[in-house]
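Now for the letters of each chain:
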Amino acid sequence: MHRRVVITGMGAVTPIGNSIPEFYDALKDGKNGIGPITKFDSSEYKCRIAGEVKDFMPEERIEKKDIRRMDLFTQYALYAADMAIEDAGLKENGDIDKERVGVIVGSGIGGILTFERQTATLYEKGPRKVSPFFIPMYIADISPGRIAIVHGFKGPNYAVTSACSTSNHAIGDSFRQIQYGSADVMITGGSEATVSKMAVSGFMNMQALSTRNDEPEKASRPFDLDRDGFIMAEGGGILVLEELEHAKARGAHIYAEVGGLGNTGDAYHITAPAPGGEGAVRAINIALEDAGIKPDEVDYINAHGTSTQFNDKNETAAIKTVFGEHAYKLSVSSTKSMTGHLLGAAGAVEAIACIFAINEGLVPPTINYENPDPECDLDYTPNKAVAKEVNIAISNTFGFGGHNSVILFKKYYN
Amino acid sequence: MSDVEKIKQIISKELEIDEAEVVDSASLVDDLGADSLSVMELMIAFDDEFGVEVPEEDYDKLLTVGDIVNYITSNK
């Protein structure tokens, strides 16, 4: 019998709110976080919209002299981590064994803004002018490193990177670290800062992004017939995972329990999902089995739901394959309809949306759902949050490269 | 602004410290909190401003603000 793992802290920086209460309110209200790109002049771009973080003030939670030497993705990670650690009551806590607290925080892309700037310097001014901080700003694993430096956590420390499934792999690895006794507390999740010229150009030329530039608020429309691609978004999400007895002993507030994990690979194509969501089917089944949960016990699925033709069709097929008739009874939604796609941070932010559903008894909506697609015929919780008791929620994430990672969350019962 | 003032301003800006702390006797590492990476970054900033490329073998000689002021002003 493995050790039980619960969630005792949360932090988020998202296009629909830079704190958990703001994020919760936005999920309740079905708030849109998508707008015109303001971070660079996108007039020459076919895609000119994104889910940008608004009014971000890193100095509220990060040492001023460090901010300049961090890429924005690391600022989001540190900011959200500080929020989560404070929420868990672990900030400046002298009573815990810091060698038993680890950090696994990922990023799909890493410091691409830094890479762009320093590449320009290299070509304009030569190699001697490239910043000595270029590498430690660019590498994706600098976020867990810096979180540990700030808070003194000396347990397992690394990043994972698996594109849009990054956060779930980070949370899943952290779950296992605690289950198997390698740590008692894990700070985990992901962050991304890809509203950049290079990142938008790259995804745009893959035909992956929506070009609904005239109606940004309606552009992210997962499972809707008229969906035309995902919306690049940015931010970070961090969870504090903790061994149950450790959490109880210090009287921590327990939000929910991590029940199971399913990781698979498609072995099919670099960007397209396997037909019928074959890899997703296996990942969901493994997560259910890992948690000892029967398919008909699942109340809510926070879908990967990117708003691309391919994903939403294949994910729907995968859900139907796993759940059969129950697929039509459970609630599905894609909170990417509100946030856009936070890539490597998506899973962490969506884990928080699952915990919202479990704690608030409210399924967050899929906004912009107007025209049903015959190939997407489940209950996607259209446009308005729905009151419903949620005991079991699963969060799907699928990444370019054919990575599938599914996590099951349970309501906590003593 | 004199070269000396400019040098001190760059040190203050790059190391994110108050200009009042940037006195000739201050050690970059011990007093002003610099590390090997921020020292490198300073050298790039001096090159940009004054066109003085400090060879790596000379870094060890530049321990204080005064060392830097003397080196830059005499090699400019």
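Look up: the structure comes first, before these words.
Undergrad: Mind laying out the overall build of chain B, listing which residues take part and the relevant values?
TA: From N to C terminus, chain B includes three helices and zero strands. Along chain B, from the amino end to the carboxyl end, the secondary structure elements read α-α-α. Relative to the globule expectation of 11 Å for 76 residues, the C-alpha radius of gyration of chain B, 11 Å, shows essentially globular dimensions. Projecting the C-alpha coordinates of chain B onto the three principal axes gives extents of approximately 30 × 25 × 20 Å. Taken across its 76 residues, chain B has 47% of its residues classed as buried. Long-range contacts, defined here as pairs at least 24 residues apart, represent 54% of the contacts in chain B between residues at least 6 apart.

Undergrad: Before we move on, can you summarise the state of the cysteines with the specific residues and values?
TA: Residue and element names in this part refer to chain A. Here the structure, examined in full by the defined rule, presents zero disulfides over all chains. Looking at the unpaired Cys47, the closest cysteine sulfur is the one in Cys164, lying at 15 Å. On the basis of relative accessibility, which here comes to 1%, the residue Cys47 falls in the buried class. Left without a disulfide partner, Cys376 is nearest to the cysteine sulfur of Cys164, which lies 18 Å away.

Undergrad: Quick one: what's the story with the interface of chain B and chain A, residue by residue and with numbers?
TA: Between chain B and chain A, the contact holds 14 residues from the first and 12 residues from the second. Around 1100 Å² of area is buried between chain B and chain A when both sides are counted, 46% of it from carbon and sulfur atoms. The three residues of chain B that bury the most area against chain A are Glu16(B), Leu37(B) and Ile44(B), which together make up 46% of that side's buried surface. Summed over the shared surface of chain B and chain A, the number is seven salt bridges. Of the charged contacts, one joins Lys129(A) and Asp47(B) as a salt bridge, the two residues approaching to 3.7 Å between their closest N and O atoms. Of all the secondary structure elements, the ones that give two or more residues to the side of chain B that touches chain A are helix H1 (3-14) and helix H2 (36-50) of chain B. For the side of chain B that touches chain A, the leading source of residues is H2(B), giving seven residues. Partitioned by chemical class, the residues of the side of chain B that touches chain A number five nonpolar, one polar and eight charged.

Undergrad: Talk me through the pattern of salt bridges; I want residue IDs and the actual numbers.
TA: Taken as a whole and assessed by the stated rule, the structure comprises 35 salt bridges over all chains. Among the ionic pairs, Arg69(A) bridges to Glu41(B), the shortest N-O distance being 2.7 Å. Within this pair, whereas Arg69(A) is found in the loop between helix H2 (64-67) and helix H3 (72-87), its partner Glu41(B) is found in helix H2, the two belonging to separate chains. Since its relative accessible area comes to 11%, Arg69(A) is described here as buried. Residue Glu41(B) is classed as buried on the basis of its relative accessible area, which comes to 14%. The shortest N-O distance in the salt bridge between Glu245(A) and Lys248(A) comes to 3.6 Å. Separated by three residues within a single helix, Glu245(A) and Lys248(A) lie in helix H9 (residues 244-249), roughly one turn from each other. Using a relative accessible area of 44% as the deciding quantity, one classes Glu245(A) as partly exposed.

Undergrad: Break down the environment of Ala317(A) for me, citing the residues and quoting the values.
TA: Tracing the backbone shows Ala317(A) in helix H11 (residues 309-323). C-alpha of Ala317(A) to C-alpha of Ala267(A): the two residues are 50 residues apart in sequence and 18 Å apart in space.

Undergrad: So what's going on with a negative patch on the surface? Which residues, and what values?
TA: All names here are of chain B. A surface patch of negative charge is lined by Glu5, Asp18, Glu19, Glu21, Asp30 and Asp31. Counting through the fold element by element, Glu19 comes out in the loop between H1 and H2. The class of Glu19 is partly exposed, set by a relative accessible area of 46%.

Undergrad: Before we move on, could you go through the environment of Lys313(A) and cite the residues and values that matter?
TA: Residue and element names in this part refer to chain A. Looking at the secondary structure, you find Lys313 in helix H11. Each C-alpha atom of the pair Lys313 and Leu78 lies 35 Å from the other, and the pair is 235 residues apart in sequence. Not counting residues within four places of it along the chain, the set of residues in contact with Lys313 comprises Arg227, Glu375 and Cys376.

Undergrad: Help me get a handle on the sheet that holds strand E8 (residues 256-265) of chain A, residues and values and all.
TA: Residue and element names in this part refer to chain A. Strand order in the open sheet made by the 10 strands is E5-E4-E6-E7-E1-E8-E14-E13-E9-E10, with mixed pairing throughout. Edge positions in the sheet fall to strand E5 (157-158) and strand E10 (331-333), since each of these pairs with one other strand and no more. Note that strand E4 (residues 101-106) and strand E6 (residues 185-192) share six bridges and pair parallel. Paired with Val105 across the strands is Gly189, a residue of E6. Contacting strand E1 (5-13), E4, E6 and strand E7 (235-243), H3 crosses the sheet at an angle of about 135 degrees to E1. Strand contacts of H11: strand E9 (300-302), E10 and strand E13 (392-399), with the helix running at about 135 degrees to E13, the strand carrying the most contacts.

Undergrad: Describe the packing of H3(A) against helix H6 (residues 142-151) of chain A, naming the residues involved and giving the relevant values.
TA: Residues and elements named next belong to chain A. Remark: H3 packs on H6, axes separated minimally by 9 Å, with the N-to-C direction vectors making an angle of 45 degrees. Considered as vectors, H3 and H6 are oriented oblique to each other. For the crossing formed where H3 meets H6, the hand is right-handed. Seen from H3, the contacting residues are Phe73, Thr74, Ala77, Leu78, Ala81, Asp82 and Ile85; seen from H6, they are Ile142, Ser143, Arg146, Ile147, Val150 and His151.

Cut-off values and rules
- Residues numbered from 1 in each chain as written.
- Chains lettered and ligands numbered in written order.
- Predicted model: local features only at pLDDT ≥ 70, side-chain atom pairs only at ≥ 80, totals over all residues.
- Heavy atoms only, no water.
- Helix = DSSP H or I, 4+ residues; strand = E, 2+ residues; numbered from the N terminus.
- Rg over C-alpha atoms; globule rule 2.2 N^0.38 Å.
- Buried < 20%, exposed > 50% of the residue type's maximum accessible area, 1.4 Å probe, protein only.
- Contact = heavy atoms within 4.5 Å.
- Disulfide = S-S within 2.5 Å.
- Buried area = accessible area lost by both parts, 1.4 Å probe.
- Salt bridge = Lys/Arg side-chain N within 4 Å of Asp/Glu carboxyl O.
- Nonpolar A, V, L, I, M, F, W, Y, C, P; charged D, E, K, R; others polar.
- Patch = residues over 30% accessible without salt bridge, like charges linked within 9 Å, V, L, I, M, F, W, Y side chains within 5 Å.
- Areas by Shrake-Rupley, 256 points an atom, 1.4 Å probe, with all protein chains shown as cover.
- Lys, Arg positive; Asp, Glu negative; His and termini not counted.
- Charge placed at Lys NZ, Arg CZ, Asp CG, Glu CD.
- Pairing = 2+ DSSP bridges.
- Axes fitted to C-alpha atoms, helices over the stretch in contact; angles between N-to-C directions.
- Parallel < 35°, antiparallel > 145°, perpendicular 65-115°, else oblique.
- Left-handed = near helix turned anticlockwise from the far one by under 90°.

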